[in-house]
Amino acid sequence: MLDARLWKPLPPPGGADAAGTAASPDADATRVQCRLCSHYCIIAGGGTGRCGVRVNRPDVPGPDESKPGAAGSNAPDPTAPVKAAPVGRLFTLVGDNVAAVNLDPVEKKPLFHFMPGTLTYSFGTMGCNLACSFCQNWSLSRPPAEEGVVRGQRVTPAKLVAEARASGAASVSFTYSEPTIFFELMTDTADAARAAGLATIMVSNGFQSPECLAELEHRIDAANIDLKAFTEHFYATQCGARLKPVLHTLRTIARMGWWLEVTTLLIPGLNDNPDELRDMARFIRDELGPDVPWHLSRFHPAYRLTDRPPTPPATLERAWEIGRGEGLRFVYLGNMPGHPAESTHCPACGALFALREGFHTHLPASSRCARCGAVVPGVGWDTPEN
Ligand code: SF4
């Protein structure tokens, strides 16, 4: 259990914070507000946030690994006089442990236009701030919130980066569950990874708070963000979340200049309506850019959504046509091994540019199409080997 960052104490009963927000009469003086994600959980003393991995333990002494003076640090000042009344103090249960570690092809994130053909050292902790009915990683994401269980192996950022370097990875990926909720481990590892010459990748549901994104801006090189649907109803009923903050995250990342790719898991009857898909494609085209790759993934029944079949291939192909028809230059089908829409084609002349077989990419000779010379956008097409 380590000190958390990006939170603030809430005003005591009858008081008001610096912004003038008045406390309700029955407010708990130990309450804090977590500001990592757009839930902005208000957590009473002894309580836990919706993700299940951020806990408010008033006056519990613990190892303080926050950096004095660092942005986002809310750790108590050790030189301050001892307070008589208990105060809220937010800790993270996943600041120093990971539940899944693998060396993956970067294409598995999926990122098809970022350092293609390289390996990425990938890890995640338990927990998630969303509660998607169809979660494909539920054994990792749900136990903290549902059972109060957090498992993992003890790590440090330095150890993770040392392992990443020894493995031959070109990057470190924060992935598997939801990296927002292991913000402290992600940011410290990202700093160490960049210092060691490794790129950094975040695979996320995009529900970060603006404050969280600001902290990440200069720490992350590339991201794959889920756009799970294009209605508030879907996010509310299937994920316990909201669409609007996700759209804000996507716009912000596009503006910040990270390499960005977007993923949508197509679920029969829930988000595969052609009109909704068209709206989604137009949002990507108009607000993120037509060169942002869109991955359309095949759903398989999982977790609480077992009442419907896997996505029919024809549904995925229709969605692919909608995306291309709306002007997106790179639309891919996922969980469809061997499908031609896994490969990259030149957006100018249509020639095959990068053939993919599963997660293996046959790299092109350069970022230019061999037939017409058009440049295919991305990072790292022109590798030293080429
Ligand atoms: S990360 Fe999100 S869900 Fe978890 S405590 Fe903070 S605001 Fe709540």
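Residues numbered from 1 in each chain as written. Predicted model: local features only at pLDDT ≥ 70, side-chain atom pairs only at ≥ 80, totals over all residues. Heavy atoms only, no water.

**Here's the deal with unusual backbone geometry**
Pro110 follows Lys109 through a cis peptide bond whose omega is -5 degrees. Among the structural elements, Pro110 can be located in the loop between strand S8 (100-105) and strand S9 (119-124). Within the chain, Asn335 stands out as a residue other than glycine whose phi angle is a positive 60 degrees. You can see Asn335 is positioned in the loop between strand S16 (331-334) and strand S17 (344-345). (Helix = DSSP H or I, 4+ residues; strand = E, 2+ residues; numbered from the N terminus.)

**Focus: the site of the ligand**
Neighbouring the ligand are the residues Cys34, Leu36, Cys37, His39, Tyr40, Cys41, Gly49, Arg50, Cys51, Arg54, Asn129 and Ile181. When the residues that make up the shell around the ligand are grouped by side-chain class, the tally is seven nonpolar, three polar and two charged. (Near = heavy atom within 4 Å. Nonpolar A, V, L, I, M, F, W, Y, C, P; charged D, E, K, R; others polar.)

**So, the pattern of salt bridges**
Counted by the stated rule, this structure contains 22 salt bridges. Arg194 is the partner of Asp221 in a salt bridge, and the nearest nitrogen-oxygen pair spans 2.6 Å. On the criterion of sequence distance, the pair formed by Asp221 in the loop between helix H5 (210-216) and strand S13 (222-226) and Arg194 in helix H4 (residues 183-195) is long-range, its members being 27 residues apart. On the basis of relative accessible area, Asp221 is assigned to the partly exposed category, the value being 24%. Among the residues examined, Arg194 registers a relative accessible area of 34% and is labelled partly exposed. In this structure, a network of salt bridges that share partners links the residues Asp275, Arg278, Arg282, Arg285, Asp286 and Glu326. (Salt bridge = Lys/Arg side-chain N within 4 Å of Asp/Glu carboxyl O. Buried < 20%, exposed > 50% of the residue type's maximum accessible area, 1.4 Å probe, protein only.)

**Concerning the sheet that holds strand S5 (residues 54-56)**
Where strands meet in a sheet, backbone hydrogen bonds hold them as pairs that are either parallel or antiparallel. Strand order across the open sheet formed by three strands is S1-S6-S5, with antiparallel pairing between neighbours. Looking at the sheet topology across the chains shown, the edges are occupied by strand S1 (2-3) and S5. Relative to strand S6 (residues 90-92), S5 runs antiparallel, the two being bridged by three bridges. When the sheet's bridge partners are listed, Asn56 is paired in S6 with Leu90. (Pairing = 2+ DSSP bridges.)

**Observations regarding the sheet that holds S17**
Overall, antiparallel pairing links the three strands, which are arranged S17-S18-S19 in an open sheet. Looking at which strands have only one partner, the edges of the open sheet turn out to be S17 and strand S19 (360-362). Sheet analysis places strand S18 (residues 352-357) next to S19, joined by three bridges and oriented antiparallel. Looking at the pairing, Arg356 lines up with Thr361 of S19.

**Some points on the UniProt feature "binding site: [4Fe-4S] cluster" (unreviewed entry) in the protein**
Within this structure's numbering, the places UniProt gives as "binding site: [4Fe-4S] cluster" (unreviewed entry) are Cys128, Cys132 and Cys135. By secondary structure assignment, the location of Cys128 is in the loop between S9 and helix H1 (138-141). On the basis of relative accessible area, Cys128 is assigned to the buried category, the value being 10%. In contact with Cys128, not counting residues within four places along its chain, are Arg50, Cys51, Ser141, Arg142, Glu178, Ile181 and Asn205. (UniProt positions renumbered as here; feature names shortened; annotations may be inferred. Contact = heavy atoms within 4.5 Å.)

**Quick notes on the packing of aromatic side chains**
Scanning the entire structure with this criterion turns up eight aromatic pairs. An angle of 85 degrees between the planes, with centres 5.5 Å apart, marks the rings of Phe123 and Phe174 as edge-to-face. One end of the pair, Phe123, is in strand S9; the other, Phe174, is in strand S11 (residues 171-174), with 51 residues separating them in the sequence. Of the two residues examined, Phe123 and Phe174, each falls in the buried class. The structure contains a cluster of three or more aromatic residues connected by ring pairs, namely Phe123, Phe174 and Phe182. (Phe/Tyr/Trp six-rings, centres within 6.5 Å; stacked < 30°, edge-to-face > 60°.)

**Some words on the environment of Phe112**
Tracing the chain through its elements places Phe112 in the loop between S8 and S9. With relative accessibility at 7%, the residue Phe112 sits in the buried group. Sequence separation of Phe112 and His295 is 183 residues, and the distance between their C-alpha atoms is 9.3 Å.

**What about the nonpolar core?**
Counting 81 residues, the largest nonpolar core has Leu227, Leu250 and Trp294 as its most contacted members. Of the residues that make up this core, three or more belong to each of domain 1 (1-93) and domain 2 (97-362). With nine residues, the next largest nonpolar core counts Met115, Ile201, Val203 and Ala222 among its residues. (Core = buried A, V, L, I, M, F, W, Y, C linked by side-chain atoms within 4.5 Å. Domains from an automatic or database assignment.)

**Regarding the environment of Phe114**
Position of Phe114 relative to the elements: it lies in the loop between S8 and S9. Distance in space between the C-alpha atoms of Phe114 and Trp381 is 7.8 Å, their sequence separation being 267 residues. Apart from residues no more than four positions distant in its own chain, Phe114 is found in contact with Val106, Ala199, Ile201, Asp221, Ala222, Trp259, Glu261 and Val379.

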